[in-house]
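Close look at the chain arrangement
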Amino acid sequence: MSLLAVGLSHRTTPVPVLERAAVAEADLGKVLDQLLSAPSVSEAVLLSTCNRVEVYAVVETFHGGVNEVVEVLARQAGAEPAELHEHLYVHYAAAAVEHLFSVAGGLDSMVVGEAQILGQLRSAYAAADAAGVVGRTLHELVQQALRVGKRVHTDTGIDHAGASVVSEALADAERALGGLTGRRALVVGAGSMGGLAVAHLRRAGIGEVVIANRTASNGARLAAALRADGVPARSVGLDVLADEVERADVLFACTGSVDTVVGAELIGDRAPDRPLVVCDLGLPKDVDPAAALLAGVRVVDLETLQRRLSDAPTGQDAARAAEIVAEEVRGYLAGQRSAEVTPTVTALRKRAAEVVDTELLRLDSRLPELDAAVRDELANTVRRVVDKLLHTPTVRVKQLAAAPGGAGYAEALRELFGLDPQAPTAVSAPATGIPPLTQPEGDKR
């Protein structure tokens, strides 16, 4: 079994294509079921955010796994697999581990260092676990990735400014309006992105916030938190959007809906002295693209941010974060290689114990009158000798196996001691499904 990562992201894919491939929360279970139904796939986690759609899977074969995952992504996008190929990237084995750790550390985000990816990855794992498509391999891998991401954010200043696509979009709005102090904001959607937007608006000195959401309780909770901080806030339903849009200076939308939530007709033209900045971070878009053609309306969306941030410098913190990721990848893979030899070491110790027991039985048959105390002392002595003889080679073989190219040491043990490679306890198959550290197919970017 092999680890495979297949995806589309802001680095390789135009936003319109990402919009088509995005998986809404309501569709996650269906898509995960389609992935697990593929003949080559035994485990899967689907990560769908505002700037990436990625599948991490444990597959039986490389080519079969890639083709089956791409077919599911294409079906979700309403496209043919060939339409996605030029935008896809594929990582296999060790490279897939490195990619996931980089994603968790925020190094592959549109805004380098953004911390929201950790929560998104945690949610993706939880959804896959609830759908029953996570096994031991992806459980251990994702948990380690979350630890790596936390370490990156703890040990570096990569996220010292709390940068994210939300903060960048609202920074554009602040520049366009000459500041947000005293302004009115309408936030459409009370999910994690909506909550983040509300936090940024509060820090920017916003005058009033209205939260529009399908689920009244979620909007009311955000509004109550704002009021507790001294910011006038209220929650409304989506049925009064037209009135609230007319009063707003800033409209922030990110709902996770697959359909347009705010139509251009709800916005209308604005007078020169009453401009409106629309921050649409939905994938697909929450606001009708025609809004960008309206007088007095400026739209900041993922395409706007993608163009502006594509060449943003990363700095020393990102370099240090990359070092941490590389170190963690080496440690993780060394642990996997060491674990691979454990079944063979276990089989060797079991064989030695069987030999000792056989010889002690033979001793009993030859010297039946042997005193029991003497017999026990002889048995303990023989076992200590065997343990001491095996201790150094078994510890050393684990150390050697942890190094790159160390897979041959388990095979050497099996040959030297005649261990049956077909016996479950003697086979050094990867303990968690991580494949051998070779990439016969390489990476396709």
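As the structure is a prediction and not an experimental result, all values here were calculated from the model.

1. Examining the overall build of the chain
- A tally of helices and strands in the chain yields 16 helices and 10 strands.
- For 445 residues, the compact-globule estimate of 2.2 N^0.38 gives 22 Å, and the chain exceeds it by more than 25% at 29 Å.
- Judged by the C-alpha coordinates and their principal axes, the chain covers about 110 × 50 × 40 Å.
- For the chain, buried positions account for 50% of its 445 residues.
- Restricting the contact set of the chain to residue pairs at least 6 apart, pairs at least 24 apart contribute 75%.

2. As for the packing of aromatic side chains
- Under the criterion given, the structure shown has 2 aromatic pairs.
- Here Phe62 and Tyr92 contribute two aromatic rings whose centre-to-centre distance is 4.9 Å and whose plane-to-plane angle is 85°, an arrangement assigned as edge-to-face. Note that Phe62 is positioned in helix α3 (residues 62-77) and Tyr92 in strand β4 (residues 89-92), a separation of 30 residues in sequence. Of the two residues examined, Phe62 and Tyr92, each falls in the buried class.

3. Let's talk about the sheet that holds strand β7 (residues 233-236)
- With respect to topology, 6 strands assemble into an open sheet ordered β7-β6-β5-β8-β9-β10, the strand pairing being parallel. Where the open sheet ends on each side, the last strands, each with one partner, are β7 and β10 (297-301). For this sheet, the mean inter-axis angle between neighbouring strands, taken without regard to orientation, is 15°.
- Most of the contacts of helix α8 (residues 165-177) go to strand β9 (residues 276-280), to which it runs at about 170°, and overall it touches β8 (250-253), β9 and β10.

4. Description of the packing of helix α5 (residues 94-104) against helix α7 (residues 136-155)
- Running from amino to carboxyl end, α5 crosses α7 at an angle of 45°, the nearest separation of the two axes being 8 Å. Classified by the angle their axes make, α5 and α7 are oblique. For the crossing formed where α5 meets α7, the hand is right-handed. Across the interface between the two elements, Val97, Leu100, Phe101 and Ala104 from α5 touch Leu141, Gln144, Ala145, Val148, Gly149 and His153 from α7.
- Looking at the contact of α5 with α7 residue by residue, the classes come out as 7 nonpolar, 3 polar and no charged.

5. Observations regarding the packing of α8 against helix α13 (residues 302-309)
- Where α8 contacts α13, the two axes come as close as 11 Å, and the packing angle between them is 95°. One way to sum up the angle between α8 and α13 is to call them roughly perpendicular. Contacts between α8 and α13 involve Val165, Glu168, Ala169, Asp172 and Arg175 from the former and Thr304, Leu305, Arg308 and Leu309 from the latter.
- Within the contact of α8 with α13, the residues separate by chemical class into 4 nonpolar, 1 polar and 4 charged.

6. Observations regarding the nonpolar core
- In this structure, Phe101, Val165, Val166, Val209, Phe252 and Leu281 are the most contacted members of the largest nonpolar core, which totals 110 residues.
- Take this core: its biggest share by element is 8 residues, from α3.
- Among all residues touching Val166, those that are not within four sequence positions of it are Met193, Leu196, Ala197, His200, Phe252 and Leu281.
- In this structure, Val188, Ala212, Val262 and Ala264 belong to the second largest nonpolar core, which totals 20 residues.

7. Things to note about the environment of Glu80
- Following the sequence through the fold, Glu80 ends up in the loop between α3 and α4 (81-85).
- Distance in space between the C-alpha atoms of Glu80 and Val70 is 9.3 Å, their sequence separation being 10 residues.

8. Examining the layout of surface pockets
- Estimates place the volume of the largest pocket at around 1000 Å³.
- Of the residues belonging to the lining of the largest pocket, the class tally is 20 nonpolar, 17 polar and 2 charged.

9. Some thoughts on the sheet that holds strand β2 (residues 41-49)
- An order of β2-β3-β1-β4 is seen for the 4 strands of this open sheet, with the pairing classed as antiparallel. The open sheet has two edge strands with one neighbour each: β2 and β4. Sheet twist, expressed as the mean angle between neighbouring strand axes with direction ignored, is 15°.
- Pairing of strand β1 (residues 2-9) with β4, which is carried by 4 bridges, proceeds in the antiparallel orientation. Residue pairing for β4: Gly7 is matched across the bridge by Tyr89.
- Contacting β2 and β3 (52-59), helix α6 (residues 116-130) crosses the sheet at an angle of about 140° to β2.

10. So, the side chain of Ser164
- Here Ser164 lies in the loop between α7 and α8.
- Other than its neighbours up to four places away in sequence, Ser164 contacts Val111, Glu114, Gln116, Leu196 and His200.

Parameters at a glance
Residues numbered from 1 in each chain as written. Predicted model: local features only at pLDDT ≥ 70, side-chain atom pairs only at ≥ 80, totals over all residues. Heavy atoms only, no water. Helix = DSSP H or I, 4+ residues; strand = E, 2+ residues; numbered from the N terminus. Rg over C-alpha atoms; globule rule 2.2 N^0.38 Å. Buried < 20%, exposed > 50% of the residue type's maximum accessible area, 1.4 Å probe, protein only. Contact = heavy atoms within 4.5 Å. Phe/Tyr/Trp six-rings, centres within 6.5 Å; stacked < 30°, edge-to-face > 60°. Pairing = 2+ DSSP bridges. Axes fitted to C-alpha atoms, helices over the stretch in contact; angles between N-to-C directions. Parallel < 35°, antiparallel > 145°, perpendicular 65-115°, else oblique. Left-handed = near helix turned anticlockwise from the far one by under 90°. Nonpolar A, V, L, I, M, F, W, Y, C, P; charged D, E, K, R; others polar. Core = buried A, V, L, I, M, F, W, Y, C linked by side-chain atoms within 4.5 Å. 1 Å grid on protein atoms, 1.4 Å probe; cavity = no way out; pocket = protein on both sides within 12 Å on 5 of 7 lines; lining within 4 Å. Points joined across faces, edges and corners; volume = space filled by probe spheres on them.

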